[in-house]
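What follows is each chain in one-letter form.
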Amino acid sequence: MGASGKTTTIRVELGERGYDIVIGAGLLAEAGWHLKPVMPGRRALIVTDRPVAERYLPELEQSLRRAGIEPEHFVLPPGEHTKSFAQLEALLDDLLGVRPGRDATVIALGGGVIGDLAGFAASILLRGVAVVQVPTTLLAQVDSSVGGKTGIDTRHGKNLVGSFHQPHLVLADTAVLDSLPARELCAGYAEVVKYALIDNPPFFDWLEANGAAVLGAGGANRVAAARERAVAACCRAKARVVAADEREGESRALLNLGHTFAHALEAGSGYALRHGDAVALGLTAALRLSERHLGLDPAVREEVVRVLAPRPVAADRGLARAALARDKKARAGRARLVLLEAPGRPLWDVELPAGEVEDELDALLVDS
Ligand code: NAD
Ligand code: GLY
């Protein structure tokens, strides 16, 4: 149940692949009740990482058992390096080891790393089994658990191997954010700011007054209510974008505001940089370019810098530039970026000279 005693349900309208995002505080204890109707069978294969397992796996398993679902679990090491070929292979091997049928359901319990890896494993296990996302970080609740993008990183770059595999359900228990370290909350908050910028000027204004509560400042009730509202606002925005363009033929690229830079910085840091921290830096670069090319009011970037306080990161300039050049959206010598005319007025296909974009990237990093 939410802080208000209610849950919020948002539908991702994708026809036969459509699903609900259910948001509220305390949902983990009711997980079995929510999952049972969307699971093809009774077997649940929970994929999680160590820190999340220690805190939340027993509660999830108890709830599933109460609903007559048989859970088994697979616990991986935490961190971006888990999104690798090696961990994918080990996970698939372990999953196959318990002899699942095609009616099994993979449950991704964790942040974006677990969601992306477990979602990808589900998409290729026995040629595809169901997945339910149970996101436990702010970043995963507001963004990565919704929309069906799954995948792993390779030495050539981030998320370059993966699939679109929509979940059967997203269950976001906002109470679990209470145990999330402050640095992870801040990283996730960059994606919240992204949604406020691309989707919804009133939400951008609301964040000015309530962002601190989303990050944990203030009384418990205020924090809980602010988190539920922020998660719901982002999921509503993402559900709309994904329903309009599931496979990123065109407008889903809007969700990549700042991400061309973020992915390059992550590669340049050897994936030591948190995705959300990279997004915070990437947003400032995208907003600077938006001022220059689309006349965006500099006050928008000043506000984003105030709330996200991004700092240049130590990264390998050559690796970062190479990743930038390989960006999935680049075309011969021209970079294609999402830029902003004003909050709520993004353009998703702005072509700029690659050199200018590279200069912006350079300004975000210090040599490692
Ligand atoms: P993460 O999954 O690495 O989690 C961060 C850390 O928080 C981990 O150590 C984890 O163990 C810990 N943790 C998780 N929940 C916790 C909780 N409730 N309490 C205490 N600790 C907790 O990081 P992330 O920021 O959630 O995800 C980043 C990943 O998401 C990146 O790989 C990024 O590429 C991906 N991503 C994917 C999409 C998508 O659409 N698929 C979108 C955005 C980002
Ligand atoms: N996070 C980008 C997307 O889902 O398309």
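Up top is the structure.
Along every chain, residues carry numbers that run from 1 in the direction the sequence is written. Starting at A for chains and at 1 for ligands, labels are handed out in the order in which the entities are written. Selection of residues for local features in this predicted model requires a pLDDT of at least 70, selection of side-chain atom pairs for listing and counting requires 80 or more, and totals for whole chains, interfaces and linings are taken over all residues. The basis for every side-chain value is the complete set of heavy atoms in the structure, and neither hydrogens nor water enter the calculation.

Peer 1: How should I be thinking about the overall build of the protein in this particular structure?
Peer 2: Strands are runs of DSSP state E lasting at least 2 residues, helices are runs of H or I lasting at least 4, and numbering of each runs from the N terminus. Summing up its helical and strand segments, the protein has 13 helices and 13 strands in all. For the radius of gyration, the atoms used are the C-alpha atoms, and the globule rule reads 2.2 Å times the number of residues raised to 0.38. Its C-alpha atoms give the protein a radius of gyration of 20 Å, within 12% of the compact-globule value 21 Å for 368 residues. Expressed as lengths along the three principal axes of its C-alpha atoms, the size of the protein is roughly 60 × 45 × 40 Å. Evaluated residue by residue, the protein yields a buried proportion of 58% over its 368 residues. The criterion used for residue contact is that any of the two residues' heavy atoms lie within 4.5 Å. Across the protein, contacts joining residues at least 24 apart in sequence account for 74% of those joining residues at least 6 apart. Methods summary: accessible areas were calculated by the Shrake-Rupley approach with a probe of 1.4 Å, and residue burial reflects only the protein chains presented. Accessible surface computed for the protein: about 14,900 Å², of which carbon and sulfur atoms make up 51%. By the counting rule applied here, Lys and Arg register as positive and Asp and Glu as negative, while His and the ends of each chain are not counted. All charge positions are set by atom: Lys at NZ, Arg at CZ, Asp at CG, Glu at CD. Here the protein carries 42 positive and 47 negative side-chain charges, and the mean point of each set is 2 Å from the other. Burial classes follow relative accessibility: with a 1.4 Å probe on protein chains only, a residue under 20% of its type's maximum area counts as buried, one over 50% as exposed, and anything between as partly exposed.

Peer 1: Hey, could you run me through the site of ligand 1 in this one?
Peer 2: Close contacts around ligand 1 come from 27 residues, with E80, G112, T136, T137 and S179 the closest. S179 is positioned with one of its side-chain polar atoms (N or O) 2.8 Å from a nitrogen atom of ligand 1. Of all the elements in the fold, those that place two or more residues in the shell around ligand 1 are α2 (50-66), α4 (112-124), α5 (138-144), β8 (157-164) and α6 (182-199). Gly falls in the polar group here, along with every residue not listed as nonpolar (Ala, Val, Leu, Ile, Met, Phe, Trp, Tyr, Cys, Pro) or charged (Asp, Glu, Lys, Arg). Split into classes, the residues belonging to the shell around ligand 1 amount to nine nonpolar, eight polar and ten charged. Note on definitions. A residue lies near a molecule or strand when any single heavy atom of the residue is within 4 Å of it. Polar contact criterion, stated in full: a pair of N or O atoms within 3.5 Å, where within protein one must be able to donate a hydrogen and the other to accept it, and residues adjacent in sequence count only if both atoms are side-chain atoms.

Peer 1: Mind showing me how you'd approach the environment of G216 here?
Peer 2: Residue position: G216 is located in the loop between α7 (201-214) and α8 (220-244). Sequence separation of G216 and L177 is 39 residues, and the distance between their C-alpha atoms is 9.2 Å. In contact with G216, other than residues within four places in its own chain, are V223 and R227.

Peer 1: Looking at this structure, how should I read the sheet that holds strand β3 (residues 43-49)?
Peer 2: By definition, the strands of a sheet pair up through backbone hydrogen bonds, in either a parallel or an antiparallel sense. The pairing criterion is simple: DSSP has to find at least two bridges between the two strands. Read from one edge of the open sheet, seven strands run β1-β2-β9-β6-β5-β3-β4, paired in mixed fashion. Because the sheet does not close on itself, it has two edges, and the strands there are β1 (8-12) and β4 (70-76). Between one strand axis and the next, the sheet turns through 20° on average, direction left out of account. The pairing of β3 with β4 spans seven bridges and is parallel. Bridging across to β4, V47 finds its partner in F74. Axis lines are fitted to C-alpha atoms, over the contacting stretch for helices. Their N-to-C directions set the angle, which ranges from 0 to 180 degrees. Across the face of the sheet, α4 comes into contact with β3, β4, β5 (105-110) and β6 (130-135) while running at roughly 170° to β5.

Peer 1: How should the pairing of β1 be read in this particular structure?
Peer 2: The two faces of the sheet receive side chains in turn, since in a regular strand these alternate between them. Relative to strand β2 (residues 19-24), β1 is paired through five bridges, and the arrangement is antiparallel. For R11, the partnering residue across the bridge sits in β2 and is D20. Taking the residues between adjacent antiparallel strands as the criterion, β1 and β2 are bridged by six residues, where G15 takes a positive phi near 60°.

Peer 1: Quick question: what am I supposed to make of the site of ligand 2 here?
Peer 2: The immediate surroundings of ligand 2 are formed by D143, K149, K238, E248, R252, L255 and N256. The side chain of K149 places a nitrogen or oxygen atom 2.9 Å from an oxygen atom of ligand 2. Between ligand 2 and K238, the relevant distance is 2.7 Å, taken from an oxygen atom to a side-chain nitrogen or oxygen of the residue. Against a free-state accessible area of 200 Å², the protein chains account for coverage of 88% of ligand 2. Residues of the shell around ligand 2, tallied by class, amount to one nonpolar, one polar and five charged.

Remember, this is a structural readout, not a statement about activity or role.
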